[in-house]
Structure formats: structure tokens, C-alpha cells
Amino acid sequence: MKRHPLMRYKALYLLMLPGILYYLIFKYVPMYGVLISFQNYSVVRGVWGSDWIGLRHFVSFFFETPEAWRLIRNTLLLNVYDMLFHFPAPIVLALLLNELRSVRFKRIVQTVSYMPHFLSTVVIVGMVVNFLSPQSGIVNHLLAAVFGTDPILFLGEPGWFRSVFIGSEVWQKLGWGTILYLAAIAGIDPTLYEAAKIDGASRLQQARHITLSGMVPVIIILFVLNLGNMMEVGYQKIILLYNPMIYETADVINTFVYRRGILGADFSFATAVGLFQSAVGFVLVVLANRAARKYSDTSLW
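Residues numbered from 1 in each chain as written. Predicted model: local features only at pLDDT ≥ 70, side-chain atom pairs only at ≥ 80, totals over all residues. Heavy atoms only, no water.

> Explain the overall build of the chain here, please?
The helix and strand tally for the chain stands at 16 helices and two strands. With the C-alpha coordinates of the chain rotated into their principal frame, the extents come out at 80 × 75 × 35 Å. Residues classed as buried in the chain amount to 36% of the 301 residues present. Counting contacts in the chain only where the partners sit at least 6 residues apart, residues at least 24 apart contribute 64% of the total. Of the roughly 18,500 Å² of accessible surface on the chain, 68% is carried by carbon and sulfur atoms. When the 24 positive and 16 negative side-chain charges of the chain are each reduced to one mean point, those points stand 11 Å apart. (Helix = DSSP H or I, 4+ residues; strand = E, 2+ residues; numbered from the N terminus. Buried < 20%, exposed > 50% of the residue type's maximum accessible area, 1.4 Å probe, protein only. Contact = heavy atoms within 4.5 Å. Areas by Shrake-Rupley, 256 points an atom, 1.4 Å probe, with all protein chains shown as cover. Lys, Arg positive; Asp, Glu negative; His and termini not counted. Charge placed at Lys NZ, Arg CZ, Asp CG, Glu CD.)

What follows is the structure, given as C-alpha cells:
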């Protein structure tokens, strides 16, 4: 008697169960809460008892909030800089690690680059603040010793914030981001390198035409997924780093939502802004996936 696939692979389905339950409980079930973005939500009256006001909160954000366009600009710029500097950094590191011949040195580099990922954001920000301190920070001491410059208030000047934020993101996530790329490299057929050597290809040519080409599917998938977060930034680190002196460049949509929605208890408005971010991210993912499917053999669906 032929067994049902569900019973035949029950061990695999049991392994999937925790992930499925996580997304059901924490991602899909709370979705009904987006209804309050169209309501004048009252905690006492609840979701189903609050008055409906349509798109008033969306209109209020775009046309009645003076900071709206500054928030959108700052969010987009941080994500664009992240794509330009943080996204390619693990790719470059993975290529460099793949070229190392000393296994011991390779493991040391991987371990050192992974370590910041396992530190909490609070610890990372504390280290960044100490490194950039105008009085005792190592960065200012090095700049003074090498270039003779006066101490720079990195976290007090708006022009420095984006560099500090993106730099800390690269430092914290660089090593961890190489894991997928190293896995992709491990899946490349070794005979391709042997054939390239016979044809006289240099190591640089092998890295370019074999290693990098083997990483392209993973790069495309991660790029498409990252585009879905173009309207969002990890606000925990920004909240810990920023202050009123650098709101001009540091204040983003998520930090504004935190102040207005959580601290100000304006839950409907905060939900409306969050829904706007999700809608933009969804559209970007769909468009990017369509472009990837059109110009390559790799896509999310």
C-alpha cells in the first residue's frame, strides 16, 4: 500500500512545523490589526468598535506632517547607501576568503568577522560611541596623530551620521553575510577551475568568470529581498545613536513612527505609516523579481 506523502516525509514536516507556526502566529494572525490604520482607534472600544475614517491618516502623513518628505528622503538615502556599500561587502569578503590557501588563517578571519554579529545592538552602539568620542575616542586620536585634525563630533554633526551608521552596519554584519556566499562557492563544480587552469586562466579570471558567476543566483535573490526593505531601516540602532542635533539626517520613518505611535500613543497613525512602508516594499519586490526573471534564470517565483 502506497503511503501518503505527508506520512512518508513526516519527519521533514515536523522540522518545518516551528517555522510555520512562527509565521502564522506572529506574521499572519496580527494582520487584521492593519484595520486600525483606517480608523480613529480607541483602546477602550477596540478594533471592531472604533470609528472608520478612511484614508485620513495617510493624507495626514503626506500633506499635514512637515517632516514627511525629510523622513522619506533620509530612509531612502540610508538604504541606497546600504545597497552601495554594505550589500557588496560580504560578496567581496567571500571572494577574498575563497582565495586564501591557509585554512588556519581563513578560519581566524571568519571567526573575527563573525564576532560582531553576536553582540547586541546596544553593545555595538556603545562601542561605536566610545570609538567616536571627541575626547577619548580612538578614531579622533588616530586622525589627530596622522593628519593633525581637531576632534570631530561625529554624533553631533548631521553630515557624519550616514557614514557612521553605514560603517557600523558593515562592521557588524560583514562576516555573517558571507555565509550564504561561501555556501554558494562551495557548490561550484571543482572541475570548472581545473578546466580554466588548463586553458591558462589566471586566478583573477577564475574568480571573475567561475566563482562570481556561481554566486550570481544568490546575489540576485538577496538583492530582490533587500529591495523590499527600501522604506525601512533598523531603527533600534538609530534610536540609540541619534539625538535632536542630527535629526536632519538621522530621523527616518521608523523613528518617527516610534515617537508618534508608541510614545505619543497614536496607534492608528503609526499603523497607517507602517502599511505604507509595507505596500511600497511589496511593489518593489514584485518589480525587482519581474526584472530578475526577465534578464536572468533566477527569481523568487
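> Teacher, can you tell me more about the environment of Phe 147 here?
Structurally, Phe 147 can be placed in helix H9 (residues 138–147). Judged by its relative accessible area of 62%, Phe 147 is exposed. Sequence spacing of Phe 147 and Leu 35 is 112 residues, and the spatial spacing of their C-alpha atoms is 57 Å.

> Looking at this structure, how should I read the packing of helix H7 (residues 103–114) against helix H10 (residues 158–186)?
Any two packed helices are characterised by how steeply their axes cross, that is the angle between the axes, and by the distance between the axes. Running from N to C, H7 and H10 cross one another at 130°; their axes reach a closest spacing of 7 Å. As judged from the angle between their axes, H7 and H10 are oblique. Contact residues: Gln 110, Ser 113 and Tyr 114 in H7; Gly 175, Trp 176, Thr 178, Ile 179 and Leu 182 in H10. Counted by class, the contact of H7 with H10 contains four nonpolar, four polar and no charged residues. (Axes fitted to C-alpha atoms, helices over the stretch in contact; angles between N-to-C directions. Parallel < 35°, antiparallel > 145°, perpendicular 65-115°, else oblique. Nonpolar A, V, L, I, M, F, W, Y, C, P; charged D, E, K, R; others polar.)

By themselves, these observations are geometric and do not establish any function.
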